[in-house]
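# Inside the fold
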Amino acid sequence: MEDIKQYVTKHKDRFINELIELLKIPSVSADSAFSQDVLDTAEAVKESLEKAGCDFVEICDTAGYPIVYGEKTIDPKLPTVLVYGHYDVQPADPLELWTSPPFEPVIKKTDIHPEGAIFARGACDDKGQMYMHVKAFEYMIQTNTLPCNVKFMIEGEEEVGSVNLKTFVENNTEKLKNDVILISDTGMISNQQPSITTGLRGLSYVEVEVTGPNRDLHSGLYGGAVANPINILAKMIAQLHDENNHITIPGFYDNVEELSLEERAEMAKAPFNLDNYKKALDLNDIYGEKGYVTNERNSIRPTLDVNGILGGYTGEGAKTVIASKAFAKISMRLVPNQDWEAITDLFTKHFISIAPAGVTVKVTPHHGGQGYVTPIDSIGYKAANMAYTETFGIPAIPVRSGGSIPIVALFEKELKSKTILMGFGLDSDAIHSPNEHFGIFNYLKGIETIPLFYKYFVELSK
């Protein structure tokens, strides 16, 4: 693999241009207005896998958006790596906060990315990181250095909860059989210090609806005489945390994994500058659960956040109205051992119980998933660390992530294999936010590093 750097350098412009073309397609799975674009992206991914060297590629229909499956078998006796990624992206809203159109990718230099970064929705999450694997595979095929078998499973519903992936995996365990699963949908500490995500939080996502009168009312004629659903919703949401930012749902913490002081001390070794953290977010102070530092609050502790709230008149000017209904979307990030369905049930019962007379409450679960922890003594982890060490010149640090990839726990349950999370994004890449971007350095470094994972995984598996 001595010529991987030369190969990347030689094909750098093509690699970037191919990704830019993929990013131009607005594959927003949450909005049906983009349905055809999502389907077009699946076709583009299929074509890219065929060109890269897969022996077999197919688009597998589901009850929702399709899954692109591809494979290359060089010897059934050799190990098999299953690569998972997703081609769908988050909605780009609010559009007015983008400095360039979200589906018209541009390369801009930043302080963190002096070589430039591609600004576009999906650049980092997950088209850019998914496409690293396609190009790394291309390199191994072109140079005849692929040391094992490869399978690709690229889905189109990750951003809406992978609602049909479970059925697909359950029905295709033999097709998806593997020795290790490789995913790049996470980040690393910095471009100087790589890290490997060893833990993910689970997720429960719900929508709540508070209903008062049977129609919108004049706030002068009815104000103070009937329950205002917006006021009530705000009060109910406020009751979900106490003065220490501890979640008040009965039973919520019953199965929370409590890390030892020694484990927390190991986590604290990861480089972190609180002043820089606050500066990057334009904050004058941090905020969170009492008794835990920032990097614990956003990784090993469960959370509850309102992600959206709606009710009444929100247009220009004034309209004196008491709305009939108010809505909120709420996500709970969960830690290992917290079952997302059990937490959803606890939330539902509690939220309904705190509603005052005069309103009715409805809770609608959307999606969720379990948390996950991967052992650092596994062959897969060791191979990833060796790959990072070779390309970055420094070992990777194991870290717990605050994000959720619900399907990881599903994979272990159904496919009986461990997942290795080799992320190359940065916290500053603004995923799910306006001006999402992915560094050129990170994109190319991923293509350079991934083939080394294959090499070391096969060597350690002997």
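Summarised in this report is the structure supplied together with it. (Residues numbered from 1 in each chain as written. Predicted model: local features only at pLDDT ≥ 70, side-chain atom pairs only at ≥ 80, totals over all residues. Heavy atoms only, no water.)

Moving on, we come to the overall build of the protein. Counting its secondary structure elements, the protein contains 13 helices and 18 strands. What you see for the protein is a C-alpha radius of gyration of 23 Å, in line with the 23 Å of a compact globule of 462 residues. With respect to the three principal axes, the spread of C-alpha positions in the protein is 80 × 50 × 45 Å. Intrachain contacts of the protein at a sequence separation of at least 6 include 78% that bridge at least 24 residues. As displayed, the protein offers around 20,900 Å² of accessible surface, 51% of which is attributable to carbon and sulfur atoms. In the protein, 42 side chains carry a positive charge and 63 a negative one; their mean positions are 1 Å apart. (Helix = DSSP H or I, 4+ residues; strand = E, 2+ residues; numbered from the N terminus. Rg over C-alpha atoms; globule rule 2.2 N^0.38 Å. Contact = heavy atoms within 4.5 Å. Areas by Shrake-Rupley, 256 points an atom, 1.4 Å probe, with all protein chains shown as cover. Lys, Arg positive; Asp, Glu negative; His and termini not counted. Charge placed at Lys NZ, Arg CZ, Asp CG, Glu CD.)

Ranked by size, the top nonpolar core spans 65 residues in total, and within it Val81, Tyr87, Phe424, Tyr443, Phe453 and Tyr454 carry the most contacts. For this core, the elements supplying multiple residues, two or more each, are α1 (4-23), α2 (35-52), β3 (80-86), α3 (127-142), β6 (149-155), β7 (180-183), α11 (379-392) and α13 (440-461). For this core, the element with the highest residue contribution is α13, accounting for 11 residues. Look past the residues within four positions of Phe453 in its chain and what remains in contact with it is Val81, Val180, Leu182, Gly380, Ala383, Ala384, Ala387, Ile420 and Met422. (Core = buried A, V, L, I, M, F, W, Y, C linked by side-chain atoms within 4.5 Å. Buried < 20%, exposed > 50% of the residue type's maximum accessible area, 1.4 Å probe, protein only.)

Time to look at helix α12 (residues 407-415). Counted residue by residue, α12 has 7 buried out of 9 residues, so it is predominantly covered. Among all positions in α12, only Ile407, Val408, Ala409, Leu410, Phe411, Glu414 and Leu415 are buried. Of the residues one or two after α12, Lys416 is the one with positive phi, at around 60 degrees.

In this section: the packing of α3 against α13. Packing of α3 against α13 leaves a shortest axis separation of 8 Å and a crossing angle of 55 degrees. On the basis of their axis angle, the class for α3 and α13 is oblique. By crossing handedness, the relation of α3 to α13 is classed as right-handed. On α13, the residues that touch Gly128, Tyr131, Met132, His133, Lys135, Ala136, Tyr139 and Met140 of α3 are Asn442, Tyr443, Gly446, Ile447, Ile450, Pro451 and Tyr454. Its residues assigned to classes, the contact of α3 with α13 comprises 10 nonpolar, 4 polar and 1 charged. (Axes fitted to C-alpha atoms, helices over the stretch in contact; angles between N-to-C directions. Parallel < 35°, antiparallel > 145°, perpendicular 65-115°, else oblique. Left-handed = near helix turned anticlockwise from the far one by under 90°. Nonpolar A, V, L, I, M, F, W, Y, C, P; charged D, E, K, R; others polar.)

Attention shifts here to unusual backbone geometry. Of note, the amide linkage connecting Asp93 to Pro94 takes the cis form, showing an omega dihedral of 0 degrees. With respect to the helices and strands, Pro94 occurs in the loop between β3 and β4 (106-108). You will see that Asn144, though not glycine, has its phi angle at about 55 degrees, which is positive. Within the secondary structure, Asn144 sits in the loop between α3 and β6.

What follows concerns the layout of surface pockets. Within this model, the second largest pocket holds a volume of roughly 380 Å³. Along the wall of the second largest pocket there are 16 residues; nearest its centre are Lys166, Trp340, Gly368, Gly369 and Leu410. Mapped onto the lining of the second largest pocket, the elements with two or more residues apiece are α10 (340-353), β14 (360-369) and α12. A per-element tally of the lining of the second largest pocket places α12 first, with 4 residues. (1 Å grid on protein atoms, 1.4 Å probe; cavity = no way out; pocket = protein on both sides within 12 Å on 5 of 7 lines; lining within 4 Å. Points joined across faces, edges and corners; volume = space filled by probe spheres on them.)

In the structure shown here, the tally under the stated rule is 13 aromatic pairs. Aromatic pair Phe392 and Phe441: ring centres 6.3 Å apart, planes at 80 degrees, arrangement edge-to-face. Of this pair, Phe392 sits in helix α11 while Phe441 is found in helix α13, placing the two residues 49 residues apart along the sequence. With a relative accessible area of 15%, Phe392 lands in the buried category. Overall, Phe441 belongs to the partly exposed group, its relative accessible area being 23%. Through a chain of ring-to-ring contacts, three or more aromatic side chains come together here, namely Tyr388, Phe392, Phe424 and Phe441. The ring of Phe119 carries the charged tip of Lys108 above its face, separated from the ring centre by 4.6 Å. (Phe/Tyr/Trp six-rings, centres within 6.5 Å; stacked < 30°, edge-to-face > 60°. Lys NZ or Arg CZ within 6 Å of the ring centre and 35° of its normal.)

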